[in-house]
Amino acid sequence: MDKKFHNHIIICGLGATAAQIIEELESYLEKTVEKDTIIGEVRFRDYLVIEISSEAIEKMSAKRPNIDYLVGDATDDEVLEKACIRDAYGIFPVLSSEKDNLYITMAARQLNPRIRIVARTADVFNIGKKLFKGGANSVVSPNFIGGLRLISEIARPHATDFLDEMLLDKNTRLKIAEIVVPTNSALCGHSLKEACLPEKYGLLIIAMKKHGDSHYMYNPSYTVRIEHADTIVVLGYRDHIAEFRKQTVTV
Amino acid sequence: MNILIRKRITKALLLILLVFTIGTIGFHFLLDGLTFIDSLYLTVVTLATVGYGDFSPHTNMPSGGNPYIIKFFAIFIILFGMSALLYGIGVMTEYIVSGEILRERRRKRIQTLISALGGHYIICGGGETSVYMMQELEKTARPFVVIEKSEERIQELLEQFENLLYIRGDATHDEVIQQAGLEQSVGVIAALSDEKDNLFIVMSLNQKKKDSGSQFRIGAKVTHLEKMAPKLRSAGADYVISPEYISSRRMVSEMFRPSVTTFLDRMLKDDRAVMRFEEVTIAPGSALSEKTLKDIRIPEKTGLVIVAVRKGGAGAFIYNPGAEQKIEEGDVLVTMGAMHKINALRKLSQGK
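These remarks concern the structure in this document. All values reported here derive from a predicted model rather than from experimental measurement.

1. Quick look at the overall build of chain B
For chain B, the count of helices and strands is 13 helices and twelve strands. Viewed in the frame of its principal axes, chain B has a C-alpha envelope of about 115 × 45 × 45 Å. Across the 352 residues of chain B, 45% fall into the buried class. Taking all contacts inside chain B whose residues are at least 6 apart in sequence as the whole, residues at least 24 apart take part in 62%. Carbon together with sulfur atoms contributes 59% to the accessible area of chain B, which is approximately 18,200 Å² in total. When the 43 basic and 39 acidic side-chain charges of chain B are each reduced to a single mean position, those positions are 5 Å apart.

2. Describing the interface of chain A and chain B
Accessible area lost upon the coming together of the parts serves often as the stated size of an interface. Of the residues lining the interface, 65 residues belong to chain A; the matching set on chain B comes to 66 residues. Regarding the contact of chain A and chain B, the summed buried area is about 6,200 Å², with carbon and sulfur atoms giving 69% of it. At the junction of chain A with chain B, the criterion picks out six salt bridges. Across the pair B:Glu136 and A:Arg156 runs a salt bridge whose closest N-O atoms are separated by 2.8 Å. Across the contact surface, chain A and chain B share 21 residue pairs in polar contact (both at pLDDT 80 or more).

3. Points about the sheet that holds strand 12 (residues 332-338) of chain B
All names here are of chain B. Here four strands make up an open sheet; going across it, the order is 7-12-9-10 and the pairing antiparallel. Each edge of the open sheet carries a strand with a single partner, namely strand 7 (275-281) and strand 10 (318-319). As paired strands, strand 7 and strand 12 are joined by seven bridges and run antiparallel to one another. Within the sheet, the bridge partner assigned to Phe 277 lies in strand 12 and is Met 336.

Rules behind the numbers
Residues numbered from 1 in each chain as written. Chains lettered and ligands numbered in written order. Predicted model: local features only at pLDDT ≥ 70, side-chain atom pairs only at ≥ 80, totals over all residues. Heavy atoms only, no water. Helix = DSSP H or I, 4+ residues; strand = E, 2+ residues; numbered from the N terminus. Buried < 20%, exposed > 50% of the residue type's maximum accessible area, 1.4 Å probe, protein only. Contact = heavy atoms within 4.5 Å. Areas by Shrake-Rupley, 256 points an atom, 1.4 Å probe, with all protein chains shown as cover. Lys, Arg positive; Asp, Glu negative; His and termini not counted. Charge placed at Lys NZ, Arg CZ, Asp CG, Glu CD. Buried area = accessible area lost by both parts, 1.4 Å probe. Salt bridge = Lys/Arg side-chain N within 4 Å of Asp/Glu carboxyl O. Polar contact = N/O pair within 3.5 Å; in protein donor to acceptor, adjacent residues only side chain to side chain. Pairing = 2+ DSSP bridges.

Nothing here speaks to function; it is geometry throughout.
Here's what the structure looks like:
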């Protein structure tokens, strides 16, 4: 492969998951006119697929002719080097074998400490833990999120609608935000009740994390005192959250 | 195998072996002209109550032998041997039958529990995705019944879910799904590994729903989204999910927007407390109906905050509803908090 890649995404294996990821990425790329696509906080330009079977590549090429391929075994470090893994932004190890994906995760982390690795596994408890240990930034389990989603849709359809509207709908102004209380904030030393979030800003306090704690307190009592570096999780309109954020900085 | 039964089978086999040994040795030394093989043969023929008569204490009585000793020995062998054999047969029969009886008793107990259910969920197929569904249902205190074909898989599930309510059978058979309390259920999920089976289940469920006027929602798991999802939807599925599809989307989101779902994700995975965004629907005659939020005093009664109200269960959400918001029957309240508090609110929302 002659083309040089930079800040790209590598997809290892061209199975059903990869095909779906490609559709997602393409839908972002189609929307952009500029040279670079910006998704979320990331500037990304292109992606390439490492696949060993020319049959799978041909099948995909019939549908999407302009994908960059690297024919080879993704569990081979040399192949990863050829895919410019040292300059890559991220990698999806989505081969059919869980062991191969674990191997790629470890190899990718070794070759590029900054790379973002998003892996998948059917077995969250065993393989999932190993993937994290091997250097994955995030591990997704189709069974887990699929099962949870089915129950959410069947057992609490309205709550699910509400969350979807908030998380996915680009037009919605509702948001969940985590606000870290700055040092010297006027809020410090006051109770949640005195901070009057619902009354003054229309914000609901759904959780709070005291500085140094690793766990959230959900539905915290209104008598809890706010101190600096505490995290307050609020739900509310975007502009109200911004207003409150501004307020927290005032001395 | 039950350890008690195994012990008894061993005991029976030892007793039988012992009686044959004593018989063989005894006849060999007490009678005349019998080899060990002949003696064993005589023992077997005696205990089998066959008695060919080619050898017997009478024909092979040694000259000068004491006939009483030989007769008492024969009586002992017959009585002791018969008892040992009968005992052995009994133990084996018990072993074969008891598994069946236990299974039958368990099935009856579960059937009684299921028939007492109402407002429960039915999961067709006990595969890997179903395990996570069952975990979520258990965590959020929702009763459920799983239908699974393989006894082996049921045993695996029982290891994870001690009080699992299950039906062993093929969910595509009407009477099997009926046994799961279909008419009283509130949701059924078709999650078999075979896509056509799921389609078949959804179609027959939809028919039943129309016939009986039941209100359960129908969900389906799908693998080949493009091919199967439209069919499942037109067959009557309220919701179709492809774990592959949503996990791929999720992977892309995790790649580019790691911070978006963090809080909710951590909340879902928190093992110390079960916190959820949930909903309750105001039933006719509920204590909460026809009042304003100020009058209902939900935060004081349950410790929960109402995040949003959806009037009549449709249309836009009224976010952070004010104290003057009127609540009527059919309204849906969206709330967030600990499951036991939400269940307390759900009780209030039900009719009297």
